[in-house]
Amino acid sequence: MVAPPPLINEETPLIMDDLTTPIENKHKRVYKADICALLFGIGTWVLINGMFTQLPLLVKTAPEGWSLPSYLVILIQLANIGPIAYSVLRIGFPQYLHETCLIYVVMILGCVSMLYMALYYQETSPLVSSPHSTHLFLATFLIALVCCTSSVLFTPFMGKFPEVYLISYLLGEGLSGFLPSIIALIQGKMTLRVYAVLTQSSFFFPRRLPLGDCLKILLTHIF
């Protein structure tokens, strides 16, 4: 017969070494990593949001006029081919998918597209017997391709890091629409003040001034 297990009473010492489970140490928060995650989140949709804040200025020079936002929305929707291609690549050919390299490519493409838009957004080309902002359309499509792809590319990449940094990333993603709006408001206010300074200064100063004097006048009146 098998001997019954010994009874445990209050006087019997308990050995807890085998009963305890290791407690996971909490990840120590690194605030520099929080800042990087915040900036990483801002880079998701800041390009498209920044472009839309400039629409009141773009419609003044674009031949499409106030029909320009409709064209841009269509191009942004067409740019969803980026997330679709990424999803197909992730499911069908995961061995060829390198997220880190792809993130670098997306970021570089976004910077180049914004520079291209800043330099050539006013250029037009004949399209269907009428001039259109083809350079602006191309830059918008590339920027939208970057932003749409970032939605499905950046978030899984952040899953490789501790969860504490996901909050900073999502906060930055929310700021990607807030910051361009604030900058656009400041830009409009600064433009009005600079215009007022130049128009008032023309009565008191010669029209042709050295560059250093012009900067001193502007900085004195603006700040």
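Residues numbered from 1 in each chain as written. Predicted model: local features only at pLDDT ≥ 70, side-chain atom pairs only at ≥ 80, totals over all residues. Heavy atoms only, no water.

Helix and strand counts for the chain stand at 9 helices and 2 strands. Secondary structure of the chain in N-to-C order comes out as α-α-α-α-α-α-β-β-α-α-α. Counted over contacts in the chain with a minimum sequence separation of 6, partners at least 24 positions apart contribute 72%. Only carbon and sulfur atoms are counted for the fraction: they give 70% of the accessible area of the chain, which is about 16100 Å². (Helix = DSSP H or I, 4+ residues; strand = E, 2+ residues; numbered from the N terminus. Contact = heavy atoms within 4.5 Å. Areas by Shrake-Rupley, 256 points an atom, 1.4 Å probe, with all protein chains shown as cover.)

In the structure shown here, the tally under the stated rule is 3 salt bridges. The salt bridge partner of Glu 99 is Arg 90, with a shortest N-O separation of 2.8 Å. The class of Arg 90 is partly exposed, set by a relative accessible area of 39%. Overall, Glu 99 belongs to the buried group, its relative accessible area being 10%. Linked through salt bridges whose partners overlap, the residues forming this network are Arg 90, Glu 99 and Lys 160. (Salt bridge = Lys/Arg side-chain N within 4 Å of Asp/Glu carboxyl O. Buried < 20%, exposed > 50% of the residue type's maximum accessible area, 1.4 Å probe, protein only.)

Attention now goes to the nonpolar core. Counting residues in each nonpolar core, the largest one holds 33 residues, and the members touching the most others are Phe 40, Ile 48, Leu 68 and Phe 154. Elements with a minimum of two residues in this core: helix H1 (31–42), helix H2 (46–53), helix H3 (55–61), helix H4 (68–78), helix H6 (99–120), helix H7 (134–158) and helix H8 (164–201). With 12 residues, the single largest contributor to this core is H7. What Phe 154 contacts, discounting residues up to four positions off in sequence, is Phe 40, Thr 44, Ile 103, Val 106, Met 107 and Tyr 169. (Core = buried A, V, L, I, M, F, W, Y, C linked by side-chain atoms within 4.5 Å.)

A few words on the UniProt feature "transmembrane region" (unreviewed entry) in the chain. The feature "transmembrane region" (unreviewed entry), as annotated in UniProt, sits at residues 35–59, 71–89, 101–121, 133–154 and 166–186 in this numbering. Regarding residues 71–89, the helix share stands at 89% and the strand share at 0%, and the terminal C-alpha atoms are separated by 29 Å. Across residues 166–186 one finds 100% helix and 0% strand; the C-alpha atoms that close the span lie 30 Å apart. (UniProt positions renumbered as here; feature names shortened; annotations may be inferred.)

With that settled, consider the confidence of the model for the chain. Scored by pLDDT, the chain has a mean of 79; 72% of the residues are at 70 or more. Taking the mean pLDDT of every element in the chain, the minimum, 56, falls on helix H9 (residues 211–222) and the maximum, 94, on H4. Long-range and interchain partners of residues 12–25, a stretch whose pLDDT sits below 50, account for 2 contacts in this model, where long-range means more than four residues apart. Below a pLDDT of 50 lies the segment residues 201–209, which in the model reaches 5 contacts outside its immediate sequence neighbourhood of four places, other chains included. (pLDDT = per-residue confidence, 0-100.)

Running from N to C, H4 and H7 point in directions that differ by 45°, and their axes come no closer than 8 Å. Taken together, the axis directions place H4 and H7 in an arrangement best described as oblique. Crossing handedness for the pair H4 and H7: right-handed. Here H4 contributes Leu 68, Tyr 71, Leu 72, Leu 75, Ile 76 and Leu 78 to the contact with H7, which in turn contributes Leu 136, Phe 137, Thr 140, Phe 141, Ala 144 and Cys 148. Here the residues of the contact of H4 with H7 are counted per class, giving 11 nonpolar, 1 polar and no charged. (Axes fitted to C-alpha atoms, helices over the stretch in contact; angles between N-to-C directions. Parallel < 35°, antiparallel > 145°, perpendicular 65-115°, else oblique. Left-handed = near helix turned anticlockwise from the far one by under 90°. Nonpolar A, V, L, I, M, F, W, Y, C, P; charged D, E, K, R; others polar.)

Note on placement: Glu 64 falls in the loop between H3 and H4. Here Ser 133 takes part through its backbone nitrogen, which lies 2.9 Å from a polar atom of the side chain of Glu 64. With near-sequence residues (within four places) excluded, Glu 64 lies in contact with Tyr 71, Pro 131, His 132, Ser 133 and Phe 137. (Polar contact = N/O pair within 3.5 Å; in protein donor to acceptor, adjacent residues only side chain to side chain.)

This brings us to H7. Across its 25 residues, H7 extends 36 Å between first and last C-alpha, which sits within 8% of the 36 Å expected from 1.5 Å per residue. Along its length, H7 shows its largest kink, about 45°, at Ser 150. (Expected span 1.5 Å × (residues − 1). Bend = angle between axes of the 7 residues up to and from the residue.)

All right, on to the packing of H2 against H7 then. It is at 8 Å that the axes of H2 and H7 come closest, and there the two elements cross at 140°. In terms of axis orientation, H2 runs oblique to H7. Here H2 contributes Leu 47, Ile 48 and Met 51 to the contact with H7, which in turn contributes Thr 140, Ile 143, Ala 144, Val 146 and Cys 147. Each residue belonging to the contact of H2 with H7 can be placed in one class, and the counts come to 7 nonpolar, 1 polar and no charged.

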